[in-house]
Amino acid sequence: MLLLQRLFYDTNLLYQSIVSLIYIPILIQGIGDSGYGLYQLIASVIAYFAMMEAPMSAAIVRFYSEYLERKEYKKAENVLGIGKRINIILSILLACVSVPCFFIIRYVYNQSLTPAEINEASAMFGVMIINVIVLLNNYVYIAALTAKEKYVFIKGLAIVVQVLQPVCVCLVIEEYPYALMVVLIQVALNIVASIIRKYYAIKKVNIVIIN
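Residues numbered from 1 in each chain as written. Predicted model: local features only at pLDDT ≥ 70, side-chain atom pairs only at ≥ 80, totals over all residues. Heavy atoms only, no water.

Draft legend 1. Layout of the overall build of the protein chain. Each helix and strand counted, the protein chain has seven helices and zero strands in total. In the protein chain, buried positions account for 36% of the 211 residues. Across the protein chain, every contact between residues at least 6 apart in sequence was considered, and the portion connecting residues at least 24 apart equals 82%. Here the protein chain has roughly 12100 Å² of accessible surface; of this, 67% comes from carbon and sulfur atoms. (Helix = DSSP H or I, 4+ residues; strand = E, 2+ residues; numbered from the N terminus. Buried < 20%, exposed > 50% of the residue type's maximum accessible area, 1.4 Å probe, protein only. Contact = heavy atoms within 4.5 Å. Areas by Shrake-Rupley, 256 points an atom, 1.4 Å probe, with all protein chains shown as cover.)

Draft legend 2. How the structure looks around helix α3 (residues 73-108). When the terminal C-alpha atoms of α3 are compared, their 50 Å separation across 36 residues agrees well with the 52 Å that a helix rising 1.5 Å per residue should span. At valine 99, α3 shows its largest kink, close to 30°, and the proline proline 100 lies no more than four residues downstream. Here α3 has its buried residues at Ala76, Glu77, Val79, Leu80, Gly81, Gly83, Asn87, Ser91, Leu94, Ser98 and Ile105. (Expected span 1.5 Å × (residues − 1). Bend = angle between axes of the 7 residues up to and from the residue.)

Draft legend 3. Molecular detail of a nonpolar patch on the surface. A surface patch of nonpolar side chains, about 490 Å² in accessible area, is lined by Leu14, Ile18, Leu21, Ile22 and Ile26. Of note, isoleucine 22 is situated in helix α1 (residues 2-50). (Patch = residues over 30% accessible without salt bridge, like charges linked within 9 Å, V, L, I, M, F, W, Y side chains within 5 Å. Salt bridge = Lys/Arg side-chain N within 4 Å of Asp/Glu carboxyl O.)

Draft legend 4. Structural detail: the nonpolar core. Within the largest apolar cluster, 50 residues are counted, with the highest numbers of intra-cluster contacts made by Leu27, Tyr64, Leu80, Val182 and Ile207. When contributions to this core are tallied by element, the ones reaching two or more residues are α1, α2 (53-69), α3, α4 (115-136), α5 (139-147), α6 (151-172) and α7 (179-204). Residues in contact with tyrosine 64, not counting those within four places in the same chain, are Ala76, Val79, Leu80, Ala144, Ala147, Lys148 and Ile207. (Core = buried A, V, L, I, M, F, W, Y, C linked by side-chain atoms within 4.5 Å.)

Draft legend 5. Examining the pattern of salt bridges more closely. Inspection of the entire model under this criterion finds three salt bridges. Arginine 70 is the salt-bridge partner of glutamate 66, the closest N and O atoms lying 2.6 Å from each other. A relative accessible area of 27% places glutamate 66 in the partly exposed class. With a closest N to O distance of 3.7 Å, glutamate 77 and lysine 74 form a salt bridge. Separated by three residues within a single helix, glutamate 77 and lysine 74 lie in helix α3, roughly one turn from each other. The exposure class assigned to glutamate 77 is buried, which follows from its relative accessible area of 16%.

Take a look at the structure:
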């Protein structure tokens, strides 16, 4: 298992190096310096919203693994159920908070961005919020699969998504050279990956979540 984890770690480092050397220059050339800057700007804002996932996911893995080790399966299922409900609540709160943030972004960057860039930034912000909500509600399955030590599936799927994203982006921006398209592709791939994780967790690993 340690050998597999090391392999995935090295693969991720190799991928990041390739992205830095090849993908990012192609992306900048495709959507332009302003489009890439816009993408980075909104991504940095969204990163603060995404930070809420880490402690929740760690807590689910810890307690779920503990109950599985004790063979207290009903309590383990309850942990996932509680985690799922908390993530739903966080998603609702995130959606509510994002509404004033949407208007704040438009106001703050009103002088530094053109009207077209502000509209695109606003659309990107909305799409990225949807992305965070999708991921947030999928973390309970990732946590459960992690506790079940399904590392090959988790990391393998993550690598497939990481590889597909730049490929799809490079193909699409030739026809639609907009930063918004990059975000839409990212969200689409994450939605597909989330569906696959949920199906695998429920149908293949028999993970039960008490609602």
